[in-house]
Amino acid sequence: MKKAYVIGIAGGSAGGKSTFAKMLQTALEGLEVRILSMDTYFKAEEERLIVEAPITGSEYRDDNHPSSFNLNELKRDLANILSDGQIRVVIVEGLLTLWDNEILEQLDLRLFVDCRADERIVRRLKRNMQWGLTFDQIAEVYLDLVRYRHDEYVEPSKWRADFIINGSNPSDKALQILANHIKCSME
């Protein structure tokens, strides 16, 4: 049984990680592909840190800190998938995919979806307003905390990537090159 090919996709909040993971899954049609989304590994709200924003001093539940995720469960699930041998390609996507060293060591291919901050905040506003949050609530937490966590954890992980993907407009050519590379690497 051949080892599964493991791809990591990181990038900023609302930067296009999940969208690109799904595009890559589609481009790998014919292969058994499983996506592990870091968002499904959030700890319960009451277990996440409450932190003080660096500038305003307002307090927020911190959804962008490594301790907000059950990374050990994600690592166990990844190990179980790899030991099972049924899945050919595993895509791990999330804010901290390239930040965590143990996850990083499991990756055969490391991708960072890069998208400018102004575009990410607009996407985040649209998405979170659909969830019932107000413009002011979303903007406040982004400006007070999310952008600082991005600078602290997400942006530095970009330099651990093998390839940086355009999150504003991922090209079909880049997608096909990556899909062909993955398929050839599995032969």
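Residues numbered from 1 in each chain as written. Predicted model: local features only at pLDDT ≥ 70, side-chain atom pairs only at ≥ 80, totals over all residues. Heavy atoms only, no water.

**Re helix α2 (residues 71-84)**
(1) Moving on: Here α2 spans 20 Å end to end across 14 residues, near enough to the 20 Å set by a 1.5 Å rise per residue.
(2) Moving on: Listed as buried for α2 are L71, L74, K75, L78 and I81. Viewed end-on, α2 has its buried residues packed into an arc of 125°, placing them on one side of the element.
(3) Moving on: For α2, the secondary structure elements touched by its buried residues are β1 (5-11), β2 (33-37), β5 (89-93) and α3 (101-106).
(4) Moving on: One or two residues past the end of α2 sits G85, with phi positive at roughly 80°. (Helix = DSSP H or I, 4+ residues; strand = E, 2+ residues; numbered from the N terminus. Expected span 1.5 Å × (residues − 1). Buried < 20%, exposed > 50% of the residue type's maximum accessible area, 1.4 Å probe, protein only. Arc of directions from axis to C-beta. Contact = heavy atoms within 4.5 Å.)

**Re helix α1 (residues 17-27)**
(1) Moving on: Buried residues of α1: K17, F20, A21, L24 and A27, and no others. Taken end-on, α1 shows its buried residues confined to a sector of 120°, consistent with a single buried face. In α1, the exposed residues that point more than 90 degrees away from the buried face are T19, K22 and T26.

**Observations concerning the pairing of β1**
(1) Moving on: With seven of its seven residues buried, β1 lies for the most part within the structure.
(2) Moving on: Of the two faces of β1, both are covered, the one formed by Y5, I7, I9 and G11 as well as the one formed by V6, G8 and A10.
(3) Moving on: Where β1 and β5 come together, five bridges link them in parallel fashion. Bridging from a neighbouring strand, I7 pairs with I91 of β5. (Pairing = 2+ DSSP bridges.)

**Quick look at the packing of α1 against helix α6 (residues 172-185)**
(1) Moving on: Two numbers describe how α1 lies on α6: the axes approach to 10 Å, and their chain directions differ by 55°. Comparing their axes, α6 and α1 come out oblique. In terms of crossing hand, the pair formed by α1 and α6 is right-handed. From α1, F20, M23, L24 and A27 reach across to α6, where they touch L175, Q176, L178, A179, I182 and K183.
(2) Moving on: Along the lines of polarity and charge, the residues of the contact of α1 with α6 split into eight nonpolar, one polar and one charged. (Axes fitted to C-alpha atoms, helices over the stretch in contact; angles between N-to-C directions. Parallel < 35°, antiparallel > 145°, perpendicular 65-115°, else oblique. Left-handed = near helix turned anticlockwise from the far one by under 90°. Nonpolar A, V, L, I, M, F, W, Y, C, P; charged D, E, K, R; others polar.)

**Thoughts on the nonpolar core**
(1) Moving on: Of all hydrophobic cores here, the largest spans 24 residues; its most connected members are L36, M38, L74, V90, V92, L98 and I103.
(2) Moving on: For this core, the secondary-structure elements that each account for two or more residues are β1, α2, β5, α3 and α5 (135-157).
(3) Moving on: The dominant element in this core, judged by the number of residues it contributes, is α2, at four residues.
(4) Moving on: With near-sequence residues (within four places) excluded, V92 lies in contact with V6, I7, G8, I9, L36, L74, L78, T97 and I103.
(5) Moving on: Counting residues in hydrophobic clusters, the runner-up holds 20 residues, among them A27, I91, L111 and A179. (Core = buried A, V, L, I, M, F, W, Y, C linked by side-chain atoms within 4.5 Å.)

**Focus on the packing of aromatic side chains**
(1) Moving on: Tallying each qualifying case throughout the model produces two aromatic pairs.
(2) Moving on: Ring geometry for F42 and F69: centres 4.6 Å apart, planes at 20°, overall stacked. In this pair, F42 is assigned in the loop between β2 and β3 (50-52) and F69 in the loop between β4 (59-61) and α2, connecting sequence segments 27 residues apart.
(3) Moving on: Taking the centre distance of 5.5 Å and the plane angle of 85° together, the rings of W99 and Y153 count as edge-to-face. Remark: Y153 occurs in helix α5 and W99 occurs in the loop between β5 and α3; sequence separation between them is 54 residues. (Phe/Tyr/Trp six-rings, centres within 6.5 Å; stacked < 30°, edge-to-face > 60°.)

**Looking at the pattern of salt bridges**
(1) Moving on: Tallying each qualifying case throughout the model produces twelve salt bridges.
(2) Moving on: For R149, the salt bridge identified is with D62, shortest N-O distance 2.6 Å. One end of the pair, R149, is in helix α5; the other, D62, is in the loop between β4 and α2, with 87 residues separating them in the sequence.
(3) Moving on: According to the relative accessible area criterion, R149 is buried, its value standing at 14%. (Salt bridge = Lys/Arg side-chain N within 4 Å of Asp/Glu carboxyl O.)

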